[in-house]
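Residue-level listing of the chains:
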Amino acid sequence: MRLLHTSDWHLGRAFHRVNMLDAQAEFIGHLVTTVRERGVDAVVVSGDVYDRAVPPLAAVELFDDALHRLADLGVPTVMISGNHDSARRLGVGAGLIDRAGIHLRTEPSACGTPVVLADAHGDVAFYGLPYLEPALVKDEFGVEKPGHEAVLAAAMERVRADLATRAGGTRCVVLAHAFVTGGEASDSERDITVGGVAAVPAGVFDGADYAALGHLHGSQTITERVRYSGSPLPYSFSEADHRKSMWLVDLGADGSLDAERIDCPVPRALARIRGRLEDLLADPELARHEEAWVEATLTDPVRPADPMARLSERFPHTLSLVFDPERAPDDPDVSYARRLAGRSDQEIAEDFVAHVRGAGPDAREQAVLRDAFDAVRADEAVHEVAR
């Protein structure tokens, strides 16, 4: 069976105020063409179809168009909700849409109920594990302490239990939206840390012939059978080095796997340039970036006059301007943002405690801070689902 694995469409999202709807529509056209021309038997979409719980109308219309075009091809599609989606909204009408071969899996309780498709060699069971917010699904899965590994492990136990009831040789494909250990993140993904831990081990998916992952925006292979497709378009300059693609996966009769990357159309290259303003304007090596979307980091000791206007004369698609003046690390004027770069909310809070008290928090106080951050995240998730 030939599968096309994609995820993280983020329909409705902009790129530094640039409307990406046309580029997203071009990707949908590319996906449909690939399905038709490469003889794809099933499409899997591993979450974050939309960029937010209540997407703009234009994004909903594009999603509707994608569903119609896939249904017209007669190729089954299985998709799950991600942490950016409203699972309840995305799942509206799922029972009816199911009849058209579009299988939306947004309910945690249905993790062990697969979409079963058949090829010449037998059945392939597709299990959809939507994004599982630990605080919201811990009772459903009977876990005492909510955490990503615990709830995903419980969901996979349901998958294995159902698979054990099926005919021998039934192959298993799992769709999941999670941060798996070994994956490389970018600045584009929303933080899903719970209890100080965001990642789960790849071994959680043992028993699956293929785990089609979503959430991280870079295409990557965790193991031969556990892969991220990545987002089809860039959504931050941290993705400048990404090769945007989908996975074309051939699943053999014996569960053997062959995977090929299918490149996605990217509307414009990304470039991150750094240096003093005059150097950036004069450097001939930067000519290759003149038509790219540019993030420029200026290192001038004193902020130059009209930097964006001057940069835009040479780089007309400059979208982001960052100031990082050349200073010694112990210079008191080093920016607050620079001092916080790369630090988690937990670390920032612990540093604040140390600053005002003269000593950092002990283990019990660290746990209190961690629980507070987890409670805020869970509360935000509840309100987003209810909207």
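Heads up: these notes are all about the structure in this document. No experiment lies behind these values; they were computed from the predicted model shown. (Residues numbered from 1 in each chain as written. Predicted model: local features only at pLDDT ≥ 70, side-chain atom pairs only at ≥ 80, totals over all residues. Heavy atoms only, no water.)

## Remarks on the overall build of the protein chain
So, step 1. The secondary structure content of the protein chain amounts to eleven helices and 19 strands.
So, step 2. Against the compact-globule benchmark of 21 Å for 387 residues, the protein chain has a radius of gyration of 23 Å, which places it among compact chains.
So, step 3. Across its three principal directions, the C-alpha atoms of the protein chain cover 70 × 55 × 40 Å.
So, step 4. Within the protein chain, the proportion of its 387 residues that are buried is 49%.
So, step 5. Partitioning the contacts of the protein chain with sequence separation of at least 6, the portion at a separation of at least 24 is 69%. (Helix = DSSP H or I, 4+ residues; strand = E, 2+ residues; numbered from the N terminus. Rg over C-alpha atoms; globule rule 2.2 N^0.38 Å. Buried < 20%, exposed > 50% of the residue type's maximum accessible area, 1.4 Å probe, protein only. Contact = heavy atoms within 4.5 Å.)

## Some details on the nonpolar core
Soluble globular proteins tend to pack their nonpolar side chains together in the buried interior.
So, step 1. Counting residues in each nonpolar core, the largest one holds 35 residues, and the members touching the most others are Leu 129, Val 174 and Phe 205.
So, step 2. If you list the elements that add at least two residues to this core, you get strand 8 (122-129), helix 5 (134-141), helix 6 (148-163), strand 9 (171-177), strand 10 (179-180), strand 12 (210-214) and strand 14 (226-228).
So, step 3. Here this core gets seven residues from one element, more than from any other, and that element is helix 6.
So, step 4. Contact partners of Phe 205, with chain neighbours within four places excluded, come to Leu 152, Met 156, Arg 160, Val 174, Ala 176, Val 180, Ala 211, Leu 213 and Val 226.
So, step 5. Listed in part, the 29 residues of the second largest apolar core include Phe 27, Val 40, Leu 62 and Leu 248. (Core = buried A, V, L, I, M, F, W, Y, C linked by side-chain atoms within 4.5 Å.)

## Observations concerning the packing of helix 1 (residues 21-37) against helix 2 (residues 57-73)
So, step 1. It is at 10 Å that the axes of helix 1 and helix 2 come closest, and there the two elements cross at 10 degrees. As the angle between them shows, helix 1 and helix 2 are arranged roughly parallel. Taking contact as the criterion, the partners of Leu 21, Gln 24, Ala 25, Ile 28, Gly 29, Leu 31, Val 32, Val 35 and Arg 36 in helix 1 are, on helix 2, Ala 58, Ala 59, Leu 62, Ala 66, Arg 69, Leu 70 and Leu 73.
So, step 2. Its residues assigned to classes, the contact of helix 1 with helix 2 comprises twelve nonpolar, two polar and two charged. (Axes fitted to C-alpha atoms, helices over the stretch in contact; angles between N-to-C directions. Parallel < 35°, antiparallel > 145°, perpendicular 65-115°, else oblique. Nonpolar A, V, L, I, M, F, W, Y, C, P; charged D, E, K, R; others polar.)

## With respect to the side chain of Gln 24
So, step 1. Within the secondary structure, Gln 24 sits in helix 1.
So, step 2. Overall, the relative accessible area of 2% leaves Gln 24 in the buried class.
So, step 3. Separated by 3.3 Å, the side chain of Gln 24 and the backbone nitrogen of Gly 12 make a polar contact.
So, step 4. Once residues lying within four places of it in the same chain are set aside, the contact partners of Gln 24 are Trp 9, His 10, Leu 11, Gly 12, Arg 13, Leu 62, Leu 233 and Tyr 235. (Polar contact = N/O pair within 3.5 Å; in protein donor to acceptor, adjacent residues only side chain to side chain.)

## Things to note about the pairing of strand 15 (residues 245-251)
So, step 1. Among the seven residues of strand 15, six are classified as buried, and the element is accordingly described as predominantly covered.
So, step 2. Sheet topology places strand 15 next to strand 16 (residues 257-263); seven bridges connect them, and they run antiparallel. Residue pairing in the sheet places Asp 250 in a bridge with Asp 258 of strand 16.
So, step 3. Linking two consecutive strands that pair antiparallel, namely strand 15 and strand 16, is a turn of five residues; a positive phi of about 85 degrees is found at Gly 255 within it. (Pairing = 2+ DSSP bridges.)

## A word on the sheet that holds strand 12
So, step 1. Spatially, the six strands line up as an open sheet ordered 7-8-9-12-14-13, and their pairing is mixed. Of all strands in the sheet, those with a lone pairing partner are strand 7 (115-119) and strand 13 (220-223), marking the two edges. For this sheet, the mean angle separating the axes of adjacent strands, direction not counted, is 20 degrees.
So, step 2. Across five bridges, the pairing between strand 7 and strand 8 is antiparallel.

## Points about empty space enclosed by the protein
So, step 1. Across all of its chains, the model carries one cavity of 30 Å³ or more by this definition.
So, step 2. Here the largest cavity is characterised by a volume of approximately 60 Å³.
So, step 3. Elements supplying a minimum of two residues to the lining of the largest cavity: helix 6 and strand 9.
So, step 4. The element contributing the most residues to the lining of the largest cavity is helix 6, with three residues. (1 Å grid on protein atoms, 1.4 Å probe; cavity = no way out; pocket = protein on both sides within 12 Å on 5 of 7 lines; lining within 4 Å. Points joined across faces, edges and corners; volume = space filled by probe spheres on them.)

## Notes on the side chain of His 10
So, step 1. Position of His 10 among the secondary structure elements: in the loop between strand 1 (2-6) and strand 2 (14-15).
So, step 2. With a relative accessible area of 0%, His 10 lands in the buried category.
So, step 3. Not counting residues up to four positions away in its chain, the partners in contact with His 10 are Gln 24, Asp 48, Val 49, Tyr 50, Asp 51, His 84, His 217 and Tyr 235.

## Comments concerning the packing of helix 5 against helix 6
So, step 1. Axis separation between helix 5 and helix 6 bottoms out at 10 Å; the angle between their running directions is 40 degrees. In terms of axis orientation, helix 5 runs oblique to helix 6. Seen from above, helix 5 lies across helix 6 with left-handed handedness. In contact with Pro 134, Val 137, Glu 140 and Phe 141 of helix 5, helix 6 contributes His 148, Val 151, Ala 154, Ala 155 and Arg 158.
So, step 2. When grouped by side-chain class, the residues that make up the contact of helix 5 with helix 6 number six nonpolar, one polar and two charged. (Left-handed = near helix turned anticlockwise from the far one by under 90°.)

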